[in-house]
Amino acid sequence: MEIIKAKTAGFCFGVDRAVKLTTELAQSGRKVATLGPLIHNPQCVAELEKLGVVTATSLADVPEGYELVIRSHGVPQSVYDQIEAAGIVCHDATCPFVAKIHRLARRAGEEGKTLLVAGDKNHPEVQGIVGHTRGSVFVFADLEELKVLLTPENTKNGIFVVAQTTFEVKKWQECVEFLKKVYTNPSIFDTICNATWARQHEAECLARQCDL
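Just so we're clear, the structure is a prediction, and the values are computed from it rather than from any experiment.

Scoring rules and cut-offs
- Along each chain, the written sequence defines residue order, and numbers are assigned to residues from 1.
- Totals for whole chains, interfaces and linings use every residue, but because this is a predicted model, local features are given only for residues with pLDDT of at least 70 and side-chain atom pairs only at 80 or more, for both listing and counting.
- Hydrogens and water molecules were not included; the side-chain quantities draw on all heavy atoms of the structure.
- The pairing test for Phe, Tyr and Trp rings, Trp by its six-membered ring, is centres within 6.5 Å, and the orientation test on the planes gives stacked under 30 degrees, edge-to-face over 60, and tilted for anything in between.
- Only DSSP runs of H or I covering at least 4 residues are called helices, and only runs of E covering at least 2 are called strands; the numbering of each starts at the N terminus.
- When accessible area is computed with a 1.4 Å probe and restricted to protein chains, residues below 20% of their type maximum are described as buried, those above 50% as exposed, and intermediate ones as partly exposed.
- Between N or O atoms, a polar contact is any pair within 3.5 Å; within protein, one atom must be a potential hydrogen donor and the other a potential acceptor, and residues adjacent in sequence are included only when both atoms are from side chains.
- Any two residues whose heavy atoms approach within 4.5 Å at even a single point are treated as in contact.
- Pairs of strands are assigned from DSSP output, requiring at least two bridges between the strands.
- Each axis is a line fitted through C-alpha atoms, and for a helix only the stretch in contact is used; angles between axes span 0 to 180 degrees, taken between their N-to-C directions.
- Think of a nonpolar core as a cluster: buried Ala, Val, Leu, Ile, Met, Phe, Trp, Tyr and Cys residues, connected wherever their side-chain atoms sit within 4.5 Å.
- Cysteine sulfur atoms are paired as a disulfide whenever they come within 2.5 Å of each other.

Draft legend 1. Fine view of the packing of aromatic side chains. One pass over the full model with this rule turns up two aromatic pairs. Here the aromatic rings of Phe13 and Phe97 are separated by 6.0 Å at their centres, their planes lie at 65°, and the arrangement is edge-to-face. On the criterion of sequence distance, the pair formed by Phe13 in helix 1 (residues 13–27) and Phe97 in helix 4 (residues 96–110) is long-range, its members being 84 residues apart. Phe13 sits in the partly exposed class, given a relative accessible area of 49%.

Draft legend 2. Highlighting the side chain of Thr94. Here Thr94 is to be found in the loop between strand 4 (90–92) and helix 4. For Thr94, a relative accessible area of 6% gives the class buried. For Thr94, the side chain forms a polar contact with the side chain of Asp92, separated by 2.6 Å. Residue contacts for Thr94: discarding those within four places in its chain leaves Arg17, Ile70, Arg71, Ser72, Gly74, Tyr80, Ala99 and His102.

Draft legend 3. Expanded view of the sheet that holds strand 8 (residues 187–188). A sheet is described by the order of its strands in space; here four strands give the open sequence 6-5-7-8, paired in parallel fashion. Only two strands of the sheet have a single partner each, and these edge strands are strand 6 (137–140) and strand 8. Taken together, the two bridges between strand 7 (residues 159–163) and strand 8 define a ladder with parallel strand orientation. Looking at the pairing, Val161 lines up with Ile188 of strand 8. In the packing of helix 4 onto the sheet, contacts are made with strand 5 (114–118) and strand 7, and the angle to strand 7 comes to roughly 165°. Strands strand 5, strand 6, strand 7 and strand 8 of the sheet are contacted by helix 8 (residues 169–182), whose axis makes an angle of about 165° with strand 7.

Draft legend 4. Representation of the nonpolar core within the structure. Ranked by size, the top nonpolar core spans 17 residues in total, and within it Leu116, Phe140, Leu146, Val161 and Trp172 carry the most contacts. Elements with a contribution of two residues or more to this core: strand 5, helix 6 (143–149), strand 7 and helix 8. Residue contributions to this core peak at five residues, all from helix 8. Setting aside residues no more than four positions away along its own chain, Trp172 makes contact with Ala118, Val161, Val162, Ala163, Phe167, Ile188, Phe189, Asp190 and Ile192. In this structure, Ala18, Leu38, Leu48 and Ala93 belong to the second largest nonpolar core, which totals 13 residues.

Draft legend 5. Geometry of the state of the cysteines. In this structure the tally under the stated criterion is zero disulfides. Just so you know, Cys175 is unpaired, no disulfide at all, and the nearest cysteine sulfur is the one on Cys193, 18 Å from it. Note on Cys175: relative accessible area 1%, which makes it buried. With no disulfide of its own, Cys193 has Cys12 as its nearest cysteine by sulfur position, at a separation of 5.9 Å.

Following this line, the structure appears as C-alpha cells:
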C-alpha cells in the first residue's frame, strides 16, 4: 500500500502561533491554562498537559494564579470583558485572520448593518465572531439557509457578509454569486483563510488519485 501525505498537512499559521506561545509560556515556568482545548488535536493537547498546561472549560475553571491563553478560534467580546473584570493575566492567541473578522463584525454593528456569517453556528470561531457585533446578526450554513435570511426586514439597512475561516470554499462561492445577483454592491468580505483554500483543493485532488 502506498500512502500519499498531503503537502499542506500540519498546523496552519494561526494554530502554530497559538501552540508555540502556549509551549513557551509553560516551558518558562508560568502556570498556564487555555480556555477550551487549544486546538482540535488530542495528541497536541496531551503534550501540552505534560508541560502542566490546564484546559479550562470556562473562566470559572481557571485555577487561582494561572495565566490564561485564548485559543486561535477567538472569543466573544463579553469574554474579554469577564477576563478583565476577574483580573486574570491573559495571552491572546486569536488567529490574526479571525481577529480581522472580529473587526468587521464590530464595524457592521457600528454602521447599523446586518451581519451575515457563513459557518457552523456551534463552532467556537463563529460564536466568537457573533459576539463582536452589537447589531443584528445571523449565521447560515449554506445557500438555502442564506436565502431564508434575506428578508426585507433583515436587509433594509444593508448587509455585511463574512465567512468562518474554515468554511467550505465551494459553498461560499455559491453564496457570493447569489448575493451579487440579488444586491447591487453588497459588502462581502472573503475571510476564508489561504490555508483552508489550499487544503480543500489538495484534498479534492488527492481524492481523485487515491483508491481509498
